[in-house]
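Listed here are the chains, written in short residue letters.
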Amino acid sequence: LHDLVIQRLFATGLALQAVTGRATDEGVRQRLHDAVDEIDAAIGDLRSSIFGLHARRHGMTSLVRQVEEICAAAAATLGFAPDCRIDPAVDSVVSDELVPDLLAVVRETLTNVSRHADASHVDLHLYMHDEMVRLEVTDNGRGIPPTGRRSGIANMRARAERLNGAMDIGRAPTGGTYVT
């Protein structure tokens, strides 16, 4: 999956990005951007699934460890280490069904901060609340612009709703953005 499927999807995404610059119609350009975002999301989903399969095969099923690894990897693109606080209880409570989606949302939120926020600080908190798993990510960046692509946000919201959850996003009290 990694060597064949992900590489093909990545190449297709790059080809679409190259064509986007040549499109003269704004609607076509937007659809191409959205398609690239969807390919990026699919790549993230595949990577999460591959990691999950690999981790289970090697006895590494800790959700806490997987989120810590995502946070550590995000430091390279953010330029600083995010402040990641993870309640160890999530390991014993979060179902196997939820893990790939949760990891994909963790990855997506940190990727969005690194791509768009121009932030110097990110807090990520994963914990149990009222018998539900809760993920909160807050940054001190520029906030969400009033217009622009929202496919990543829509994808995260759809994941939450599919699992009988909810997603909230907005301006953080200290500036920047929060995602819950």
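Since this is a predicted model, take the numbers as computed values, not measurements.

## Looking at helix α3 (residues 63–78)
Phase 1 of the analysis: When the terminal C-alpha atoms of α3 are compared, their 22 Å separation across 16 residues agrees well with the 22 Å that a helix rising 1.5 Å per residue should span.
Phase 2 of the analysis: Along α3, the residues classified as buried are Leu63, Val64, Gln66, Val67, Ile70, Cys71, Ala74 and Leu78. The buried residues of α3 occupy an angular sector of 160° when the element is viewed end-on, so they sit on one face. Seen from the open side of α3, the exposed residues pointing more than 90 degrees away from its buried face are Ala72 and Ala76.
Phase 3 of the analysis: At the N-terminal end of α3, a side-chain oxygen is found 3.4 Å from the backbone nitrogen of Val64, two or three residues along, and the residue is Ser62.
Phase 4 of the analysis: Where α3 ends, the next residue or the one after it, Gly79, has phi of about 90°, a positive value.

## What about the sheet that holds strand β1 (residues 83–86)?
Phase 1 of the analysis: With mixed pairing, 5 strands are arranged side by side in an open sheet as β1-β2-β3-β5-β4. Both outer strands of the open sheet, β1 and β4 (169–171), are each paired with one neighbouring strand and no more. Each strand axis lies, on average, 15° off the axis of its neighbour in the sheet, ignoring direction.
Phase 2 of the analysis: Summarising the sheet, strand β2 (residues 122–129) and strand β3 (residues 132–139) pair through 8 bridges and their orientation is antiparallel. Following the sheet pairing, Tyr127 is matched in β3 by Arg134.
Phase 3 of the analysis: On the sheet, helix α5 (residues 99–117) packs against β2, β3 and β5 (177–179) and is oriented at approximately 10° with respect to β3.

## Brief notes about the packing of α5 against helix α6 (residues 151–162)
When two helices pack together, you describe them by how their axes are tilted relative to each other and by the distance separating the axes.
Phase 1 of the analysis: Put simply, α5 and α6 touch, their axes get as near as 10 Å, and they point 155° apart. What the angle tells us is that α5 and α6 run roughly antiparallel. Here α5 runs over α6; the crossing is left-handed. Here Pro100, Asp101, Ala104, Val105, Glu108, Thr109 and Asn112 of α5 come into contact with α6, specifically with Gly152, Met156, Arg159 and Arg162.
Phase 2 of the analysis: When grouped by side-chain class, the residues that make up the contact of α5 with α6 number 4 nonpolar, 3 polar and 4 charged.

Rules and cut-offs
Residues numbered from 1 in each chain as written. Predicted model: local features only at pLDDT ≥ 70, side-chain atom pairs only at ≥ 80, totals over all residues. Heavy atoms only, no water. Helix = DSSP H or I, 4+ residues; strand = E, 2+ residues; numbered from the N terminus. Expected span 1.5 Å × (residues − 1). Buried < 20%, exposed > 50% of the residue type's maximum accessible area, 1.4 Å probe, protein only. Arc of directions from axis to C-beta. Polar contact = N/O pair within 3.5 Å; in protein donor to acceptor, adjacent residues only side chain to side chain. Pairing = 2+ DSSP bridges. Axes fitted to C-alpha atoms, helices over the stretch in contact; angles between N-to-C directions. Contact = heavy atoms within 4.5 Å. Parallel < 35°, antiparallel > 145°, perpendicular 65-115°, else oblique. Left-handed = near helix turned anticlockwise from the far one by under 90°. Nonpolar A, V, L, I, M, F, W, Y, C, P; charged D, E, K, R; others polar.

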